[in-house]
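Listed here are the chains, written in short residue letters.
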Amino acid sequence: MPHLDDVVAPDGTRIRWWDNGCVGRPGPDVVISNGLGASPAAWPWLGGDGQPSATAPRTVTWHHRGLGGSERPADPARITIGDHVDDMFAVMDAAGIESAAVIGWSVGVAVAFEAARRAPERISSLLVLGGVAGGGFRSGPSWAPEFLSRGISTASAWSLRLVGPPVAGLISLLPRSMDANALAALAPPPLQTLAEVAREFSHHDWTWFSQMVLAAGKEPPIPVDAVRVPTTVVAGEFDTMAPVEDMVALADAVPGARLVRVPGTHFVPLQFPDVLAAELDALRAR
């Protein structure tokens, strides 16, 4: 059965991690390098809702520093991509996982690539979506100049500390009995899952979360041309946080990477779980 546990990172920060309980299933185990502040609930097909499917691989992930039950670091500056990689490896060690197929989403993409760069023997494959390998971030329409899109991203990250609390208040009103059936044509992902993810996300300390987003935006690019593990890049055609052009460029930069384009937004895990499951199976087989 899925369970939560704690592990202490190299700098002494206590990290809360999650295991879907599918120990001993065939094929490489899976580590989710999640989007910043995202919960396991975003991955119901891997057991993030507490009910892993009969074919789900063993999967672990963790809550980022200061979020979801993990402790804030004693040094508030210890929220770099490198620190998140330290946390990932600490979780893998605690779970007894020597090597894993890694799913990276959003900021977690940079974490996944940095982990592969630092310790390639621990990463058997990469499935990345909705993010690039460091170098800051940008949002907005694809036609916007880079300086403008990056400025929008920075301003948006800072404004989270102002707009986050009232939005969280509205999210907390979402009824737990919501059902997607009546809205299936308008909302491809199950609305129940979407509501639960939003509800968990709303509990964050928004000032701290804003600091973490800003820190991620200052990270330098991570070299990916030396990555030699099987890699699949999934790009959402309508992702304004990781424009499809950036995802295509990422796939071009990784030797032998497979590019998959889907008509989705930044929230591909909720919109196209079947596509991700198939791509993950193919990577694990490789």
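Below, the structure is looked at part by part. These figures come from a predicted structure and were not determined experimentally. Per chain, the residues get numbers from 1 upward, laid out in the order the sequence is written. Side-chain atom pairs in this predicted model are given and counted only at pLDDT of 80 or more, local residue features only at pLDDT of at least 70, and totals for whole chains, interfaces and linings cover all residues. Processing note: side-chain calculations cover all non-hydrogen atoms of the structure and skip hydrogens and water entirely.

## Comments concerning the overall build of the chain
Next up, step 1: For the chain, the helix and strand inventory stands at 8 helices and 8 strands.
Next up, step 2: With 286 residues in all, the chain has 52% of them scored as buried.
Next up, step 3: The contacts of the chain with a sequence gap of at least 6 include a subset with a gap of at least 24, amounting to 73%.
Next up, step 4: Method for areas: the Shrake-Rupley scheme with a 1.4 Å probe, in which residue coverage is limited to the protein chains shown. Accessible area for the chain stands at about 12,500 Å²; split by element, carbon and sulfur atoms hold 60% of it. Helix and strand definitions follow DSSP, with helices as H or I runs of at least four residues and strands as E runs of at least two, each counted in order from the N terminus. The cut-offs for exposure are 20% and 50% of the maximum accessible area for each residue type, with area from a 1.4 Å probe on protein chains only; residues under the lower value are buried, those over the upper are exposed, and the others partly exposed. We call two residues in contact when some of their heavy atoms are within 4.5 Å.

## Considerations on the side chain of T13
Next up, step 1: Looking at where T13 falls in the secondary structure, it is placed in the loop between β1 (3–8) and β2 (14–19).
Next up, step 2: Among the polar contacts made by the side chain of T13, one reaches the side chain of D11 at a distance of 3.0 Å.
Next up, step 3: One polar contact links T13 to R65, side chain to side chain, over a distance of 3.4 Å.
Next up, step 4: With near-sequence residues (within four places) excluded, T13 lies in contact with V7, V8, R65, E71, R72 and P73. For the purposes of these results, a polar contact is taken to be a pair of N or O atoms within 3.5 Å, where, inside protein, one atom must be able to donate a hydrogen and its partner to accept one; residues adjacent in sequence count only when each atom of the pair is a side-chain atom.

## Topic: the pairing of β2
When a strand is regular, its side chains alternate between the sheet's two faces.
Next up, step 1: Looking at chain direction, β1 and β2 are connected through 6 bridges and run antiparallel. The partner of V7 across the bridge, within β2, is I15.
Next up, step 2: When DSSP finds at least two bridges between two strands, those strands are taken to pair. Hairpin connection, β1 to β2: the antiparallel pair is bridged by 5 residues, and G12 has positive phi, about 95°.
Next up, step 3: Examined bridge by bridge, β2 and strand β4 (residues 59–62) share 3 bridges and lie antiparallel to one another. Considered in β4, the bridge of W17 is made with W62.

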